[in-house]
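Here are the chains, one letter per residue:
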Amino acid sequence: MNQKRPDPDALLKSVKAEEARKAEGKLKVFFGANPGVGKTYAMLEAAHEQRRDGVDVVIGVVETHGRAETEALVNGLEVMPRHAVDYRGATLQEFDLDAALVRRPTIILIDELAHSNALGMRHAKRWQDVQELLQAGITVYTTVNVQHLESLNDVIAQITGVRVRETVPDSVLERADDVELIDLPPDDLLQRLKDGKVYVPEQIQHALHNFFAKGNLIALRELALRRTAERVDQQMEVYRRDHAVVRTWPAAETIIVCVNMKARGPRLIRAARQMAADLHAKWIAVYVQIPRHLRLSQAERDHLAQTLRLAEQLGAEVVTLSGDNVAQELLSYARNRNATKIIVGKPVRSLWKEWVFGSVVSELVHQSGEIDIYVITGEAGEGQPLVRRSLRRTSDVFGYGYALFGVLIATAVAWLMFPYFAAANLTMMYLIAVIAIAFRRGRGPSVLASILSVAFFDFFFVPPYFSFAVSDFQYLLTFGVMLVVALVISNLTVRLRQQAELARSREKRTGVLYAMSRDLATHRGTGMLAQLAAKHLRDVFDAQVAIFLADADNRVQLQRGELLFFDLDPKESGVAQWVFDHGERAGLGTDTLPGASALYLPLVGSTGPIGVVAVRPTEYSRLVNLDQLHLLESLVNQIALAIERTRLSEETQKARVRAETERMRNAILSSVSHDLRTPLATITGAASSLAEGQGELTAAAREDLARSIYREADRLDRLLKNLLDMMRIEAGAVQLSKEWHPLDEVVGAALARLEGRLRDHAVNTAFPIDLPLVLVDGVLLEQVVINLVENAVKYAPSGSAIDLSASASDREVIAEVADRGPGIPFGEEARIFDKFYRARPAREGGVGLGLTICRGIVETHGGRIWAENRSGGGAVFRFSIPLLDQPPPVETEQPEARQA
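Here, residues in each chain are numbered from 1, in the same order as that chain's written sequence. Residue-level local features of this predicted model are given only where pLDDT is at least 70; pairs of side-chain atoms are given and counted only at 80 or more, and the full residue set underlies all totals for whole chains, interfaces and linings. Side-chain measures here rest on the full set of heavy atoms in the structure, leaving out hydrogens and waters.

Q: Sorry if this is basic, but what is going on with helix 18 (residues 443–461) here?
A: Put simply, DSSP H or I for four residues or longer makes a helix, DSSP E for two residues or longer makes a strand, and each gets a number counted from the N terminus. A helix is expected to span 1.5 Å multiplied by its residue count minus one. Given a rise of 1.5 Å per residue, 19 residues ought to cover 27 Å, and the 26 Å separating the end C-alpha atoms of helix 18 matches this to within 8%. For helix 18, the complete set of buried residues consists of Gly444, Pro445, Ser446, Ala449, Ser450, Leu452, Ser453, Val454, Phe456, Phe457, Asp458 and Phe461. Exposed residues in this analysis have more than 50% of their type's maximum accessible area, buried residues have under 20%, and partly exposed residues fall in between, with area computed by a 1.4 Å probe over protein chains only.

Q: Looking at this structure, how should I read the pattern of salt bridges?
A: Side chains carrying opposite charge are able to pair once their charged atoms draw close together. One side-chain nitrogen of Lys or Arg within 4 Å of one carboxyl oxygen of Asp or Glu is enough to make a salt bridge. Applying the stated criterion to the full structure yields 27 salt bridges. A salt bridge links Lys214 to Asp187, with the nearest nitrogen and oxygen atoms 2.9 Å apart. One end of the pair, Lys214, is in helix 10 (residues 214–242); the other, Asp187, is in helix 8 (residues 186–194), with 27 residues separating them in the sequence. For Asp187, a relative accessible area of 45% corresponds to the partly exposed category. We note a salt bridge from Glu317 to Arg337, for which the minimum N-O separation is 3.0 Å. Of this pair, Glu317 sits in strand 11 (residues 317–322) while Arg337 sits in the loop between helix 13 (326–336) and strand 12 (341–345), placing them 20 residues apart in sequence. By relative accessible area, which is 33% here, Glu317 ends up partly exposed. For Arg337, a relative accessible area of 21% corresponds to the partly exposed category. Taken together, the shared-partner salt bridges in this structure form one network comprising Glu24, Arg175 and Asp177.

Q: Would you mind showing me how to read a nonpolar patch on the surface here?
A: The patches reported here contain residues having more than 30% relative accessible area and no salt bridge. Joining distances are 9 Å for like charges and 5 Å for nonpolar side chains (Val, Leu, Ile, Met, Phe, Trp, Tyr). Only the protein chains shown count as covering a residue, and every accessible area follows the Shrake-Rupley method with a 1.4 Å probe. A cluster of nonpolar side chains, Trp415, Leu416, Tyr465 and Phe466, forms an exposed patch at the surface whose accessible area comes to about 480 Å². Checked against the element boundaries, Tyr465 lands in the loop between helix 18 and helix 19 (474–521).

Q: Hey, could you run me through the side chain of His861 in this one?
A: As for its position among the elements, His861 is in the loop between helix 27 (850–860) and strand 24 (865–869). Overall, His861 belongs to the buried group, its relative accessible area being 5%. Here a polar contact means two N or O atoms within 3.5 Å. Within protein one must be a hydrogen donor candidate and the other an acceptor candidate, and residues neighboring in sequence count only if both atoms are side-chain atoms. Of note is the side chain of His861, whose polar atom sits 2.9 Å from the backbone oxygen of Ile857. Residue contacts for His861: discarding those within four places in its chain leaves Leu736, Lys738, Leu775, Val776, Asp777, Leu780, Ile881 and Pro882. What makes two residues a contact is simply this: any of their non-hydrogen atoms within 4.5 Å.

Q: Whenever I open this one, unusual backbone geometry confuses me. Can you help?
A: Glycine aside, a negative phi is what most residues show, and trans is what most peptide bonds show. You will see that Arg104, though not glycine, has its phi angle at about 50 degrees, which is positive. Position of Arg104 relative to the elements: it lies in the loop between helix 4 (97–103) and strand 6 (107–110). Residue classification places Arg104 among the partly exposed positions, given a relative accessible area of 49%. Phi at Glu112 takes a positive value of approximately 55 degrees, unusual for a residue other than glycine. You can see Glu112 is positioned in the loop between strand 6 and helix 5 (126–135).

Q: Just to check I follow, could you spell out the packing of aromatic side chains for this structure?
A: By convention here, two paired aromatic rings are described through the distance between centres and the angle between planes. Planes of paired rings set the category: under 30 degrees apart is stacked, over 60 is edge-to-face and the rest tilted, where pairs are Phe, Tyr or Trp rings (Trp by its six-membered ring) whose centres lie within 6.5 Å. Summed over the entire model, instances satisfying the criterion amount to 10 aromatic pairs. With a centroid separation of 6.1 Å and an interplanar angle of 45 degrees, the aromatic rings of Trp415 and Phe461 are classed as tilted. Of this pair, Trp415 sits in helix 16 (residues 397–417) while Phe461 sits in helix 18, and the two are 46 residues apart along the sequence. Aromatic pair Phe456 and Phe460: ring centres 6.0 Å apart, planes at 50 degrees, arrangement tilted. Taken together, the residues Phe456 and Phe460, both in helix 18 and four residues apart, mark about one turn of the helix. Here a set of aromatic residues connected by ring pairs shows up, and it is made of Trp415, Phe418, Tyr430, Phe456, Phe457, Phe459, Phe460 and Phe461. Between Lys28 and the ring centre of Tyr141, over which it is positioned, the NZ or CZ distance is 5.6 Å. For a Lys NZ or an Arg CZ to count as sitting over a ring, it must be within 6 Å of the ring centre and within 35 degrees of the ring normal.

Q: It is not clear to me how the sheet that holds strand 7 (residues 139–145) should be interpreted in this structure. Could you clarify?
A: By way of backbone hydrogen bonds, the strands of a sheet pair with one another, either parallel or antiparallel. Strands qualify as paired when DSSP identifies two bridges or more between them. Taken together, the six strands give an open sheet; going across it, the order is 3-2-6-7-1-8, and neighbouring strands pair in parallel fashion. Looking at which strands have only one partner, the edges of the open sheet turn out to be strand 3 (78–79) and strand 8 (178–182). Relative to strand 7, strand 1 (residues 27–32) is paired through six bridges, and the arrangement is parallel. Within strand 7, the residue paired with Phe30 across the bridge is Thr143.

Q: When you look at the sheet that holds strand 23 (residues 812–818) in this model, what are you seeing that I'm missing?
A: Strand order in the open sheet made by the five strands is 20-22-23-25-24, with mixed pairing throughout. If you trace the sheet from one side to the other, it starts and ends with strand 20 (762–766) and strand 24, each paired once. Recorded for the sheet is a direction-independent mean angle of 15 degrees between the axes of neighbouring strands. Two elements, strand 22 (residues 801–808) and strand 23, share six bridges in a ladder whose sense is antiparallel. Across the sheet, residue Ala808 finds its bridge partner in strand 23, namely Val813. All axes here are fitted lines through C-alpha atoms, helices being fitted over the stretch that makes contact, and every angle between N-to-C directions spans 0 to 180 degrees. Against the sheet, helix 25 (residues 743–753) touches strand 20, strand 22 and strand 23, its axis set at about 160 degrees to strand 22.

Q: What should I look at first to understand the nonpolar core in this one?
A: Taken as a class, soluble globular proteins show a tendency for nonpolar side chains to be buried jointly. The definition of a nonpolar core used throughout is a set of buried Ala, Val, Leu, Ile, Met, Phe, Trp, Tyr and Cys residues joined through side-chain atoms within 4.5 Å. Core analysis: the largest hydrophobic core is formed by 58 residues, its most contacted members being Phe31, Ile108, Leu109 and Leu133. Here this core takes five residues from helix 2 (residues 39–52), the largest share from any one element. With residues near it in sequence (within four places) discarded, Leu133 still touches Phe95, Leu97, Ala100, Leu101, Ile108, Ile110, Ile138 and Val140. Within the second largest apolar cluster, 43 residues are counted, among which are Leu781, Val784, Ile802 and Ala815.

Q: Looking at this model, I keep getting lost on helix 8. Mind explaining?
A: Each full turn of the α-helix corresponds to 3.6 residues, which orients residues three or four apart in the same direction. Burial in helix 8 covers these residues: Pro186, Leu189, Leu190 and Leu193. Buried residues of helix 8 fall within an arc of 100 degrees about the axis and therefore sit on the same side. As used here, the arc belongs to the directions running from the helix axis to the C-beta atoms.

Q: Please clarify how the confidence of the model for the protein should be interpreted in this entry.
A: Any residue range with low pLDDT should be treated as having predicted coordinates unsuitable for detailed reading. Note: pLDDT gives the predictor's confidence per residue, expressed from 0 to 100. With 80% of its residues at a pLDDT of at least 70, the protein reaches an overall mean of 79. Low pLDDT, under 50, characterises residues 386–392; the predicted model gives this stretch 16 contacts beyond four residues in sequence or across chains. For the stretch residues 894–900, pLDDT sits under 50, and the model shows 13 contacts to residues farther than four places along the chain or on other chains.

Q: Got a minute to help me understand the pairing of strand 18 (residues 608–617) in this structure?
A: Side-chain direction in a regular strand flips from residue to residue, so the side chains alternate between the two faces of the sheet. Summarising burial for strand 18: nine of the 10 residues are buried, a large majority. As judged from the seven bridges shared by strand 14 (residues 543–550) and strand 18, these two strands associate in the antiparallel manner. Within strand 18, the residue paired with Gln544 across the bridge is Arg616. The hairpin turn running from strand 17 (residues 599–605) into strand 18, its antiparallel successor, is two residues long.

Q: I would appreciate a short explanation of the side chain of Arg231 in the present structure.
A: The residue Arg231 is located in helix 10 in this model. Here Arg231 sits buried without a salt bridge, and the closest side chain of opposite charge, Asp178, lies 5.9 Å off (N-O distance). There is a polar contact of 2.6 Å between the side chain of Arg231 and the backbone oxygen of Ala176. The contact partners of Arg231, leaving out residues within four places of it in the chain, are Leu173, Glu174, Ala176, Asp177, Asp178 and Val179. Under the convention used here, Asp and Glu are negative, Lys and Arg are positive, and both His and the chain ends fall outside the count.

Q: Got a minute to help me understand the packing of helix 25 against helix 26 (residues 778–795) in this structure?
A: Each pair of packed helices gets described by two things: the angle between the helix axes and the distance between those axes. The interhelical angle for the contact between helix 25 and helix 26, taken along N-to-C directions, is 55 degrees, at an axis separation of 9 Å. When the interaxial angle is binned, helix 25 and helix 26 end up oblique. Between helix 25 and helix 26 lies a crossing of right-handed hand. Contact residues: helix 25 offers Leu743, Val746, Val747, Ala749, Ala750, Leu751 and Arg753, while helix 26 offers Gly778, Leu781, Glu782, Val785, Ile786 and Val789. When residue character is reported, Ala, Val, Leu, Ile, Met, Phe, Trp, Tyr, Cys and Pro are called nonpolar, Asp, Glu, Lys and Arg charged, and the others, Gly included, polar. For the contact of helix 25 with helix 26, the residue count by class is 10 nonpolar, one polar and two charged. Our angle categories are set so that under 35 degrees counts as roughly parallel, over 145 as roughly antiparallel, 65 to 115 as roughly perpendicular, and the remainder as oblique. Crossings are assigned a handedness: left-handed for a near helix turned anticlockwise from the far helix by less than a right angle, right-handed for a clockwise turn.

See below:
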């Protein structure tokens, strides 16, 4: 096997990726063409095999669909309880992600990867749950059908007439460490369906005449087999790259056709297309740009662009390479793509030209090794160049004058050196002049300089002097060598100059792409991205730009902006709509709607077309140039991806808001309904007892019932007050009425209001005598203290003490409320301030808003609030009030400590 040393950078990148993957769990996908082929059955069998080997395997979620053989395999495996979710009056059983993360098995089985979770769950899709499990280091076995792949959604709809709503991004399948194809012939699957092993009997006939039609099953099976084969091919390519295998492995046919500006280019393209169709092979049209191609005529550029456009239209992948040697670049690329065949045109040069200048075909044949070379002949005249280069002048008259002047300068310097140096050394001055002229003025002036250098050297420095006669015939050899060396050096210098121009062209292209990608990555919003895109396209192509984006009805709408508009009539808008509908470019310079005033290109994202870009250049040649056209396409692709990324981000944010809203609604209904029912039941019972038993109840009993009504009504009042306070805080409607207050008086007022609730607890307070006044809203701060003390009462056992204290520094006053309850679970210290969150069930219930209200009021004052576990058991809640202003002086009658 032919191998070479791996590229260090690629190897380092591969090692880093492998290290990152080691920390994650492995993903194994059981992949099938249709429901009922046995994916879940195969997954369960693999799980039993792992369990027999001593691996910790659990079932996260498996859907048996009533199949007896599948249900039998569930036995013997640990099954995790589902998470019940209330949704529109029904109870849904969903996969419990948090329980799985706590259980942390080695392998977990997650059936139906494309499943959509119920609203209120952490993730909208089950594949997102799987990603979190993998990040936690848990290996996942899962199942998915080919119709659920996002990229095949339109294809599946066209084949089956059914639009699949639950899809999985292709990247999830590509990320899988192992994909096992579960295949079953269509006839066998239909028999399973008829035997009732796929669906229940009442669904069988409907399935047979719809999704499970035999033609659909055959097409879906082909898609599944093709997708699996593509994955295997990608694995082979990764192996070849990682192990630096340069030899072609002909596992699948790949054809490369080499095109240039010759007239036979279209014939080569059509021949390659026919061969690819016969072999069912992938084919690639490759153009190798060498330095001298930078000076192609406009006719040659136009012909080359038309040839490559023909290749695209016939379904080829079009690639442009750059280098000095066509054969070497072509073979290197062919081996990199694992190509098996290369198609080139028959050479038309004479034999002596091939012997002197070399032949691309000859180099390919001798160096191709295991790659087959196909040489295609053309019709008469097809191999000839479109323009006779020998008659084309590449330099102006000033360049030839520059050459003459340069040789005269070299002669003057050599004349000054002549008395002191041998004649052979004087030739160096002429060679230096030839190099300078070749680098500055090109091939023509450098050739003239080479000839003039020999002539001037003979005239001035070879006896007889000032004559072209030669007395010593040995000088003829000197003249010949001098001329050859000068011509070779001039040619090498010209090639170096052309390579420098090619490098500058690449650098400019890279710079443009980088500048646009940087700007698009650092800005958000569709309108802003459209403006930035228009600015870059206008600057690079000196053109007017219009951008159309599709609306919900797939109708393109022109985006308005300072840089985003040129006059468009209805026909031009129709061109934009056609480009969006067909996903092909059209308009100026194309074969489709060429009468349009602009070139229209589709904005294609990963999920399909999202819009259209229209470019109207001031010079038509700016878009006919092949390099410029490829650069435009690259920029348009970047624009499409940036706009799609922004739209997906916006949609994700909206989905997150919807999910959070639904979760909040469910939490409010769950909490409030329970906390409303309990006091209302008490009030209703006590009131009915009072109404029905007036003559039978004693005074003490009536008083006890009245107090129950009062107590529960007060509880309802606090509940509604908390809800209203939370709404005011979230709406930013809290208005502070700040005054200077002693903190101990605020605490004392709060404790006085809670006297009844504190009857089973001892309250200890400790406030320093020199505690400064605080500038606060006394009513709101009192509510903070009430909520914190009520929270302590809910969790602290009867008879335990509740401690309140405060301290001061130069910048803030810190107050704390401490209890001897069960404390706060580890890691939940910050979450307990979230809405409707309760770390542990309280004895007296509650909605879970009290601490959230405390945080809102304290932060509105510019302070902070936090919670910690208390030494010896219990929890302590602290909040701070900043000392921003100097409090007014307070005269105290007696300097004694204040006790609340």
